[in-house]
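If you want the building blocks of each chain, they are given just below.
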Amino acid sequence: MIDNCCPLCGRPLGTVNIDRHHLVPKTFKGKEQFPIHKICHRKIHSALTERELLRQYHTWDALRGHEDIAAFIDWVANKPPEFHTRTYTSNKKKSR
């Protein structure tokens, strides 16, 4: 992966709509933060609970392997770095 690229989708980060993601959630004492597109960050948290992030999805490879996130990455792949739109909470997450 090229420096200054989103660790989730691999697109260049650009200069706007950037968040920071904790692979181990802050709720569970995670300290290390990574710059990530805001839309990618919102997708992670719309699809997965904090406990799921802690137990199973605390690496970039694991996140990219999640079915909903993989489909999102395919969808966002050709969008410009500054692209942002509303992110909806997954019905699967709502039912957990």
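So, how was this worked out
Residues numbered from 1 in each chain as written. Predicted model: local features only at pLDDT ≥ 70, side-chain atom pairs only at ≥ 80, totals over all residues. Heavy atoms only, no water. Helix = DSSP H or I, 4+ residues; strand = E, 2+ residues; numbered from the N terminus. Contact = heavy atoms within 4.5 Å. Core = buried A, V, L, I, M, F, W, Y, C linked by side-chain atoms within 4.5 Å. Buried < 20%, exposed > 50% of the residue type's maximum accessible area, 1.4 Å probe, protein only. Salt bridge = Lys/Arg side-chain N within 4 Å of Asp/Glu carboxyl O.

Visitor: What is the right way to read the overall build of the protein chain from this model?
Guide: Scanning the protein chain from terminus to terminus reveals five helices and two strands. Along the chain direction, N to C, the helices and strands of the protein chain fall in the order β-β-α-α-α-α-α. A sequence separation of at least 24 residues applies to 57% of the contacts in the protein chain between residues at least 6 apart.

Visitor: For this particular structure, what's the right way to read the nonpolar core?
Guide: The nonpolar side chains of a soluble globular protein tend to be buried, and buried together. With 19 residues, the main nonpolar core has Leu 8, Cys 40, Ile 44, Leu 63 and Ile 69 as its most contacted residues. Every element with two or more residues in this core is listed here: α1 (38–47), α3 (60–65) and α4 (67–76). Ignoring sequence-local partners within four residues, the contact set of Ile 69 consists of Leu 8, Lys 43, Ile 44, Ala 47, Leu 48 and Leu 63.

Visitor: Please clarify how the pattern of salt bridges should be interpreted in this entry.
Guide: Pairing is possible between side chains of opposite charge, provided their charged atoms come close. A full pass over the atoms with the stated rule returns one salt bridge. Between Asp 61 and Arg 64 there is a salt bridge, with its nearest N and O atoms 2.6 Å apart. Linking Asp 61 with Arg 64, this pair stays in helix α3, spanning three residues, or about one helical turn.

Visitor: For this particular structure, what's the right way to read the environment of His 45?
Guide: For His 45, the location among the structural elements is in helix α1. On the accessibility criterion, His 45 (28% relative accessible area) is partly exposed. Separated by 24 residues in sequence, His 45 and His 21 place their C-alpha atoms 9.8 Å apart.

Without other data, these values stay purely geometric and don't point to any function.
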